[in-house]
Amino acid sequence: MVSFDSIPHAELLKSVSRRISDGAVLHLIKMWLITPVEETDKRGRTIRTTRNKDEGRGSPQGSPISPLLANLYMRRFVMGWKVLGHEQNLQARIVNYADDFVICCRGTAAQASAIMRNMMSQLKLTINETKTRLRRLPEVTFDFLGYTFGLCYKPQTGRKYLNVRPAKVKVARIIRSISDVTRRTWLYLEPEEVVGRLNRKLVGWANYFCLGPVSKAYRAVDAHVQHRLRQWLCARHQIPGRGIKEFPDEYLYSRLCVQRLETRTSNFPWANARRQLINGMPCPRAGCGKSASPVR
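Residues numbered from 1 in each chain as written. Predicted model: local features only at pLDDT ≥ 70, side-chain atom pairs only at ≥ 80, totals over all residues. Heavy atoms only, no water.

**Q** Please set out the packing of aromatic side chains residue by residue, giving values where relevant.
**A** The way to describe two aromatic rings as a pair is by their centre distance and the angle between their planes. Going through the model one piece at a time under the given rule, you end up with 11 aromatic pairs. With centroids separated by 5.0 Å and ring planes inclined at 0 degrees, the aromatic side chains of Phe142 and Phe149 adopt a geometry described as stacked. By relative accessible area, which is 15% here, Phe142 ends up buried. Both rings, one in Tyr208 and one in Phe209, keep their centres 4.8 Å apart while their planes meet at 85 degrees; by these two values the pair is edge-to-face. Residue Tyr208 is classed as partly exposed on the basis of its relative accessible area, which comes to 42%. Under the relative-accessibility criterion, Phe209 is labelled buried at 5%. Site record: aromatic cluster; members linked through ring pairs are Tyr147, Trp205, Tyr208, Phe209 and Tyr218. Sitting over the ring of Tyr161, Lys154 keeps its end group 5.6 Å from the ring centre. The ring of Trp186 carries the charged tip of Arg197 above its face, separated from the ring centre by 4.7 Å. (Phe/Tyr/Trp six-rings, centres within 6.5 Å; stacked < 30°, edge-to-face > 60°. Buried < 20%, exposed > 50% of the residue type's maximum accessible area, 1.4 Å probe, protein only. Lys NZ or Arg CZ within 6 Å of the ring centre and 35° of its normal.)

Quick look at the structure:
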């Protein structure tokens, strides 16, 4: 993984100018790259920095255009990897999004890593050493774009297979977000408003994390939603206890219309195909199944 802060402005703007001829747009992108950044420290003070302008490198993180510019500049690395023959000679393919990437290969990882570091140096990019490491499947796992790649197990048979699943840190993050939405500071809101906020977060999260065996993660998120929402309702109506009798599942899901993630798996393509096969109907997507691991 490389850092947004290390992308050189001059080289980046050359890549942009090959695709954009409007001088005003190019000037706007250049000014945006050197815009001062304001951050709040632990004491609540606002600190303004101009490091990007001073060093002539870096793209502001958190901006909608940053991943686009990172993808554009990283294309130099991806294309160079192919043109120089490393993909064919090492049987190593690059999968990347913005500044995050994985090199998938068999038996040539050390050589691929050395070549990658040399190319990054030529591109004036800095490697994030804390997030860059060699991983050998299936002995170990690794996280990429919010998913954990590695061994999974069939619940019914215990059979091992390679697949992806939502990373634990991403499950923990959505759980923290659910807790924030259901804090006591929001007791003045109507239940429908709180549920609306919850549903937007749940649907957005589930739309992204829908690959591989997700049922376990979905059940954990659903259980936390039930627990936190009942706590919030009890506090709002000044009801002691856990609120299980006062606010049963039927009330949460039928009356308040809370999104239940676990039921979404029944609409996944592989689930539809399985039902059709069980019912003796021809599957319109022959050979479809759970998403296979992209790691070779």
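**Q** Tell me about a nonpolar patch on the surface, and please be specific about residues and values.
**A** Among the surface-exposed residues, Tyr97, Leu145 and Tyr208 lie close enough to one another that they form a single nonpolar patch of about 290 Å² accessible area. Along the chain, the position of Leu145 falls in the loop between strand S5 (142–144) and strand S6 (147–153). Judged by its relative accessible area of 32%, Leu145 falls in the partly exposed class. (Patch = residues over 30% accessible without salt bridge, like charges linked within 9 Å, V, L, I, M, F, W, Y side chains within 5 Å. Areas by Shrake-Rupley, 256 points an atom, 1.4 Å probe, with all protein chains shown as cover. Salt bridge = Lys/Arg side-chain N within 4 Å of Asp/Glu carboxyl O. Helix = DSSP H or I, 4+ residues; strand = E, 2+ residues; numbered from the N terminus.)

**Q** Which residues make up the nonpolar core, and what are the values?
**A** One finds Trp205, Val221, Leu229, Leu252 and Val258 to be the most contacted residues of the largest nonpolar core, which totals 35 residues. The set of elements that each furnish at least two residues to this core consists of strand S4 (100–104), S5, S6, helix H7 (168–181), helix H8 (191–208), helix H9 (215–237) and helix H10 (249–255). The leading source of residues in this core is H9, at eight residues. Apart from the residues within four sequence positions on either side, Val258 is in contact with Val195, Asn199, Val225, Leu229, Leu252 and Tyr253. (Core = buried A, V, L, I, M, F, W, Y, C linked by side-chain atoms within 4.5 Å. Contact = heavy atoms within 4.5 Å.)

**Q** Now, about H8: what can you tell me, with residues and values included?
**A** Structurally, the α-helix is built with 3.6 residues per turn, so residues lying three or four positions apart point the same way. With 18 residues, H8 extends 26 Å from end C-alpha to end C-alpha; this agrees with the ideal 26 Å at 1.5 Å per step. Every buried residue belonging to H8 is among Pro191, Val194, Val195, Gly196, Leu198, Asn199, Leu202, Trp205 and Ala206, and all of these are buried. Buried residues along H8 sit in contact with H7 and H9. (Expected span 1.5 Å × (residues − 1).)

**Q** I'd like to hear about the sheet that holds S6, residue by residue, with values.
**A** Ordered by their spatial adjacency, three strands build an open sheet running S5-S6-S7, and the pairing between neighbours is antiparallel. The two strands at the open ends of the sheet, each matched to only one other strand, are S5 and strand S7 (160–166). Neighbouring strand axes in the sheet, compared pairwise and without regard to direction, differ in orientation by 40 degrees on average. In this sheet, S7 lies alongside S6 in antiparallel orientation, the contact comprising seven bridges. Paired with Thr148 across the strands is Arg165, a residue of S7. (Pairing = 2+ DSSP bridges. Axes fitted to C-alpha atoms, helices over the stretch in contact; angles between N-to-C directions.)

**Q** So what's going on with the packing of H8 against H9? Residues and values would help.
**A** Two numbers describe how H8 lies on H9: the axes approach to 12 Å, and their chain directions differ by 170 degrees. Relative to H9, the element H8 is oriented roughly antiparallel. Seen from above, H8 lies across H9 with right-handed handedness. Residue-level contacts link Pro191, Val194, Val195, Leu198, Leu202, Trp205 and Ala206 of H8 to Ala217, Tyr218, Val221, Val225, Leu229, Trp232, Leu233 and Arg236 of H9. Its residues assigned to classes, the contact of H8 with H9 comprises 14 nonpolar, no polar and one charged. (Parallel < 35°, antiparallel > 145°, perpendicular 65-115°, else oblique. Left-handed = near helix turned anticlockwise from the far one by under 90°. Nonpolar A, V, L, I, M, F, W, Y, C, P; charged D, E, K, R; others polar.)

**Q** Describe in detail the pattern of salt bridges, supporting the description with residues and values.
**A** In the structure shown here, the tally under the stated rule is nine salt bridges. Note that Arg117 is salt-bridged to Glu129, the shortest N-O span being 2.7 Å. Of the two residues, Arg117 sits in helix H6 (residues 109–122) while Glu129 sits in the loop between H6 and S5, which places them 12 residues apart along the sequence. Overall, the relative accessible area of 47% leaves Glu129 in the partly exposed class. Of the charged contacts in the structure, one is a salt bridge between Arg260 and Asp249, with a shortest N-O distance of 4.0 Å.

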